[in-house]
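Structural characterization, general
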Amino acid sequence: MQPSEITDVLNRPASRELLARDLTRLAYVAGDGTPRVIPIGFVWNGSDIVMCTPKNAPKLPSLRHNPAVALTIDTEVHPPKILLLRGRAELDVVEGIPDEFLRSNGASRMTPGQRAEWETEVRALYDGMVRIVVTPTWAKLIDFGTTLPTAVEELVRRREERERT
């Protein structure tokens, strides 16, 4: 997929809405060769998905060994909006707490008192974290209005061909 095609997908209003959410599902291959999918907080910085995790997280050795990942950001309503992304995880060890972590995790919905208490606890718990940075190399938006899953698009195309003949 060309960078301009990815940019086109990510700039659509529904994609922008999804990129403003707090939670993605990160898929990767674990050390034992089996797939894993985990929910994780994220921040979209305009070009990358940034997720933060403890330095001792079990996913890190797997991501170092095989950085290919897939991400899903979606809604829980019907019809759902779904943003599918693929890329490679770049790992960046950070001393202290990354700004992205402080902006994720629904922190914006906390009261000022809750926010202060949460941040104090975070700073006391973590001496550092790892930023998992994914620059999308592939993107697909499914909104069931203008875009559909690939298999459904194919069925629609076949039906239209049958109706024309």
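In this report, the structure presented in the accompanying data block is examined.

Scanning the protein chain for helices and strands turns up six helices and seven strands. Along the protein chain, helices and strands appear, N-terminal first, in the series α-α-β-β-β-β-α-β-β-α-α-β-α. The principal-axis extent of the C-alpha atoms belonging to the protein chain is close to 70 × 40 × 25 Å. Residue burial in the protein chain is summarised as follows: out of 165 residues, 39% are buried. Contacts spanning at least 24 positions in sequence make up 66% of the contacts within the protein chain whose residues lie at least 6 apart. A total accessible area of about 9700 Å² is found for the protein chain, and carbon and sulfur atoms account for 53% of it.

Membership of the largest hydrophobic core comes to 27 residues, with the highest contact counts inside it found for L10, I49, M51, I73, L83, L85 and V134. Every element with two or more residues in this core is listed here: helix 1 (3-10), helix 2 (13-19), strand 1 (23-29), strand 4 (49-54), helix 3 (59-65), strand 5 (68-74), strand 6 (82-95) and strand 7 (128-142). With five residues, strand 7 is the largest single contributor of residues to this core. Leaving out residues up to four positions away in the same chain, L10 has contacts with S15, R16, L19, W44, L83, L85, P136 and A139. With seven residues, the next largest nonpolar core counts F101, L102, V122 and M129 among its residues.

Per the counting criterion, the structure on display carries 16 salt bridges. A salt bridge links D74 to R25; the shortest N-O distance between them is 2.6 Å. Here R25 lies in strand 1 and D74 lies in strand 5, a separation of 49 residues in the sequence. By relative accessible area, D74 is classed as buried at 18%. Given the relative accessible area of 33%, R25 is considered partly exposed.

To continue, consider the pairing of strand 7. Counted residue by residue, strand 7 has twelve buried out of 15 residues, so it is predominantly covered. Bridging between strand 4 and strand 7 involves six bridges; their strand directions are antiparallel. What sits directly across from P54, in strand 7, is M129.

If you walk through the whole model with that rule in mind, you get two aromatic pairs. Between F101 and W118, the ring centres sit 5.8 Å apart and the planes meet at 25°, which makes this aromatic pair stacked. Of this pair, F101 sits in helix 4 (residues 99-103) while W118 sits in helix 5 (residues 112-125), and the two are 17 residues apart along the sequence. W118 matches F101 in its accessibility class, with the two residues each being buried. Measuring from centroid to centroid gives 5.8 Å for F101 and Y126, while their planes differ by 70°, and the two rings are edge-to-face. With F101 in helix 4 and Y126 in the loop between helix 5 and strand 7, this pair connects stretches of sequence that are 25 residues apart. Ring-pair connections join several aromatic residues into one group, and the members of that group are F101, W118 and Y126. Taking NZ or CZ as reference, R86 lies 3.7 Å from the ring centre of W138, over its face.

What counts and how
Residues numbered from 1 in each chain as written. Predicted model: local features only at pLDDT ≥ 70, side-chain atom pairs only at ≥ 80, totals over all residues. Heavy atoms only, no water. Helix = DSSP H or I, 4+ residues; strand = E, 2+ residues; numbered from the N terminus. Buried < 20%, exposed > 50% of the residue type's maximum accessible area, 1.4 Å probe, protein only. Contact = heavy atoms within 4.5 Å. Areas by Shrake-Rupley, 256 points an atom, 1.4 Å probe, with all protein chains shown as cover. Core = buried A, V, L, I, M, F, W, Y, C linked by side-chain atoms within 4.5 Å. Salt bridge = Lys/Arg side-chain N within 4 Å of Asp/Glu carboxyl O. Pairing = 2+ DSSP bridges. Phe/Tyr/Trp six-rings, centres within 6.5 Å; stacked < 30°, edge-to-face > 60°. Lys NZ or Arg CZ within 6 Å of the ring centre and 35° of its normal.

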